[in-house]
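Here's the letter readout for the chains.
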Amino acid sequence: MPLVAGIDSSTQSCKVVIRDAETGALVRHGSARHPAGSEVHPDAWWEALQDAIAMAGGLDGVAAVSVGGQQHGMVCLDASGEVVRPALLWNDTRSAPAAAALIKEAGRGSDDDGRLHWARTTGTVPVASITATKLRWLAENEPDNAARTAAVCLPHDWLSWRLAGFGPGSGTEGLAALRTDRSDASGTGYWSPATGAYLPEVLESTLGHIPVLPAVLAPLASGLTTPGGALIGPGAGDNAGAALGVAAGVGDVVVSIGTSGTVFAVADRPTADPLGLVAGFADATGHYLPLVCTLNASRVLDATAALLSVGLPRLSELALSASPGAGGLAFVPYFEGERTPNLPDATGSLHGMTLQNFTPENLARAAVEGIVCSLADGLKALTDLGVSAGRIILVGGGARSEAVQQVAAAIFGLPVVVPEPGEYVADGAARQAAGVLLGFFPEWQTARTAVVTADPTPNVLARYRAVAGGQLR
């Protein structure tokens, strides 16, 4: 019974699952918290990983391990392998002006404003989260640190490297051992999913020189081993890891309802969206993972439940007791601005109130419909690029709500598959580790799933788009 370990090093915490490589059965697990903030020293991730591994009973008997991690975080190493400065995470927005400058510079002398260039070249129009913009910020604001930077990697790359026994003092040989995968590389802004190659000109225009970069491994390659002899897989960005964890294939769309909302699909070709709504990432299997992110999701449900002085289970009951369309109420959930569409200064709004329809039941229903309609706009952005959508796989904390499940099936007009709640990213990393060990991705049957269907309600989505469109004017 060979064992594999999957690691999810997210913004908030580190989770470790140890599973049977052939069946996927969970053997043991552990977790540890990460410090809060948008700027964190990587040593904190390493310490949390050690704690989580210890809680999971150690890695004795584990034949392969893979790391899934938060995307985009900028980890800079000097020539000896020392961390130059704390990592800037995906949610650090100080590089927003750098993103705007990179777009503007690409548009000079061309027929577009620069967005088309970036979409065609990297699959993603720069925003503050992208690693390349953070390198530009570093060069402009901390030139000594930029000059000292000999290698750049991402959180999951750095942890895999440490698991292999490298670290401070490893020197040139150690830097040359850095490895990554195509899913995480595709979120840097200096790697092309379409060509599978780094873009040195982007590094010159951001950091000011070309550092050592991790070699990009094939989906089932193993470039490193732990000191104990376990194979180390390529790893993955968190969304690609989640796609592996729920066994999403071409034609599947994963909708995640957490603090933010994401809509991403497994696609058989790269995408390029000059509007910047869709990030054209790669996945961890050799396919592609176009993704749309919204800022407002489960916390809107929390706020509505608090307003009505009920818990989330009761909020779901109230929503299900109202008719589709919430009696004419339409809820635009832009509580914290919005990223899709790009309306950073927008606010939420409630439309169509009358003395007859302004009830707790309709308000609960309208909040759920608003969140799902916002995500449906994300799905439309994907399908407008030719991405196929055969079914929805619904995950995240919000997916546990029966009202969210029913409304999603009605508004998306597609079957909604709801896996049993779990650590999808860590499970995906474990499945990749098993693939590295076995030579193929195993078909694990470890989680119960429910399939939810409902009569489509296109009128609800049409009304939402009518009132939400007013925010664009």
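As a convention, each chain's residues are numbered from 1 in the sequence order in which they are written. Note on the predicted model: pLDDT of at least 70 is required for a residue's local features to be given, and 80 or more for side-chain atom pairs to be given and counted; whole-chain, interface and lining totals, by contrast, use all residues. Side-chain measures here rest on the full set of heavy atoms in the structure, leaving out hydrogens and waters.

1. Observations regarding unusual backbone geometry
The residue after T340, namely P341, is reached through a cis peptide bond having omega 5°. Along the chain, P341 falls in the loop between β20 (330–332) and β21 (349–351). Within the chain, H72 stands out as a residue other than glycine whose phi angle is a positive 75°. Counting through the fold element by element, H72 comes out in the loop between β5 (62–69) and β6 (75–77). Here's how the labels work: a residue is buried when its accessible area is under 20% of the maximum for its type, exposed when over 50%, partly exposed in between, all with a 1.4 Å probe on protein chains only. Classification of H72 as buried rests on a relative accessible area of 8%. Only DSSP runs of H or I with at least four residues qualify as helices, and only runs of E with at least two residues qualify as strands; both kinds are numbered from the N terminus onward.

2. Things to note about the side chain of D181
Tracing the sequence through the fold places D181 in strand β9 (residues 179–181). Any pair of nitrogen or oxygen atoms within 3.5 Å is treated as a polar contact; in protein, a donor-acceptor pairing is required on top of that, and neighbouring residues in sequence qualify only through side-chain atoms on both sides. In this structure the side chain of D181 is engaged in a polar contact, spanning 2.6 Å, whose partner is the side chain of S183. Pairs of residues are marked as contacts when any of their non-hydrogen atoms sit within 4.5 Å. With residues up to four places along the chain from it excluded, the contact list for D181 reads H156, V216, L217, P234, G235, A236, G237, D283 and A284.

3. Overview of helix α6 (residues 155–163)
For α6, a buried count of nine out of nine residues is recorded, marking the element as mostly surrounded by other parts of the structure. All of the buried residues along α6 are P155, H156, D157, W158, L159, S160, W161, R162 and L163. Of the residues one or two after α6, G165 is the one with positive phi, at around 100°.

4. Section: the environment of H287
Of note, H287 is situated in the loop between β18 (279–282) and β19 (288–294). Along the primary structure H287 and S183 are separated by 104 residues, whereas in three dimensions their C-alpha atoms are 9.3 Å apart. The residues contacting H287, other than those within four sequence positions of it, are R182, V250, V266, A267, D268 and A282. Here the side chain of H287 touches T285 through a polar contact of 3.2 Å, side chain to side chain.

5. Describing the sheet that holds strand β24 (residues 449–452)
To summarise the sheet geometry, strands pair through backbone hydrogen bonds and adopt either a parallel or an antiparallel arrangement. Any two strands between which DSSP finds at least two bridges are classified as paired. The seven strands lie next to each other as β18-β19-β17-β16-β22-β23-β24, forming an open sheet whose pairing is mixed. Looking along the sheet, the strands with just one partner apiece sit at the ends: β18 and β24. Between one strand axis and the next, the sheet turns by 25° as a mean value, whatever way the strands run. Pairing of β18 with β19 involves four bridges; the strand directions are antiparallel. Note that in β19 the partner of G280 across the bridge is P290. With axes taken as lines fitted to C-alpha atoms, and helix axes fitted only over the stretch in contact, angles between N-to-C directions fall between 0 and 180 degrees.

6. Some points on the pattern of salt bridges
Within this document, salt bridges are pairs made up of a side-chain nitrogen of Lys or Arg and a carboxyl oxygen of Asp or Glu, the two lying within 4 Å of each other. Applying the stated criterion to the full structure yields 17 salt bridges. When the shortest N-O distance is used, the salt bridge between R136 and E105 registers 2.4 Å. Pair noted here: R136 is in helix α4 (residues 131–141) and E105 is in helix α2 (residues 96–107), with a separation of 31 residues, a long-range link. We classify R136 as buried; its relative accessible area is 10%. Linking E369 and R365 is a salt bridge whose minimum nitrogen-to-oxygen distance equals 2.9 Å. Of this pair, E369 and R365 both sit in helix α13 (residues 360–383), four residues apart, roughly one helical turn.

7. A look at the pairing of β18
In regular strands, side chains alternate between the two faces of the sheet. Where burial is concerned, the two faces of β18 agree: the one with A279 and F281 and the one with G280 and A282 are both buried. The turn joining β18 and β19, which pair antiparallel and follow one another in sequence, is formed by five residues; a positive phi near 110° is taken by G286.

8. Focus on the nonpolar core
One finds V255, V368, I392, L394, I411, F412 and V416 to be the most contacted residues of the largest nonpolar core, which totals 55 residues. Those residues in contact with L394 that lie beyond four places of it in its chain are V255, I257, A399, V404, Q405, A408, V416, V417, V418 and P419. We call a set of buried residues a nonpolar core when its members are Ala, Val, Leu, Ile, Met, Phe, Trp, Tyr or Cys and they connect through side-chain atoms within 4.5 Å of each other. Core analysis: the second largest hydrophobic core is formed by 36 residues, I18, V75, V83 and A177 among them.

9. Digging into the packing of α13 against helix α14 (residues 402–412)
Two numbers describe how α13 lies on α14: the axes approach to 9 Å, and their chain directions differ by 45°. Between α13 and α14, the angle falls in the class oblique. When you trace α13 past α14, the crossing you get is right-handed. Of α14, the residues touching α13 (which contributes R365, V368, E369, V372, C373, L375, A376 and L379) are A403, V404, V407, A408, I411 and F412. When residues are grouped by polarity, Ala, Val, Leu, Ile, Met, Phe, Trp, Tyr, Cys and Pro land in nonpolar, Asp, Glu, Lys and Arg in charged, and all others, Gly among them, in polar. A class-by-class count of the residues in the contact of α13 with α14 yields twelve nonpolar, no polar and two charged. Oblique is the label for any angle not covered by the other classes, which are roughly parallel (under 35 degrees), roughly antiparallel (over 145) and roughly perpendicular (65 to 115). Put simply, a crossing is left-handed when the front helix is turned counterclockwise from the back one by less than a right angle, and right-handed when it is turned clockwise.

10. Concerning the environment of G311
Mapped onto the secondary structure, G311 falls in the loop between α11 (298–307) and α12 (312–321). Look at G311 and you get partly exposed, because its relative accessible area is 39%.

11. Concerning the packing of aromatic side chains
Between rings of Phe, Tyr and Trp, where Trp is taken as its six-membered ring, a pair exists when centres lie within 6.5 Å; planes separated by under 30 degrees are stacked, by over 60 edge-to-face, and by other angles tilted. Scanning all chains against the criterion turns up four aromatic pairs. A ring pair is formed by W161 and F166, whose centres lie 6.1 Å apart and whose planes are at 15°; its orientation type is stacked. When its relative accessible area of 0% is taken as the criterion, W161 is described as buried. Look at F166 and you get partly exposed, because its relative accessible area is 23%. A ring is considered to have a charge above it if a Lys NZ or an Arg CZ atom is located within 6 Å of its centre and within 35 degrees of its normal. A cation over an aromatic ring shows up here: R94 above the ring of W137, its NZ or CZ 4.9 Å from the ring centre. Lying over the aromatic face of W46, R162 brings its terminal NZ or CZ to 4.6 Å of the ring centre.

12. Considerations on the environment of G107
Relative to the helices and strands, G107 is located in helix α2. Taking the relative accessible area as the measure of exposure, G107 reaches 12% and is therefore buried. For G107 and H117, which are ten residues apart along the polypeptide, the C-alpha to C-alpha distance reads 7.5 Å.

13. Quick word on α13
For an α-helix the count is 3.6 residues per turn, leaving residues at separations of three or four pointing the same way. Each residue after the first adds 1.5 Å to the expected span of a helix. For α13, which comprises 24 residues, the first-to-last C-alpha distance of 34 Å matches the rise-based estimate of 34 Å (1.5 Å per residue) to within 8%. Buried residues dominate α13, accounting for 19 of its 24 residues.

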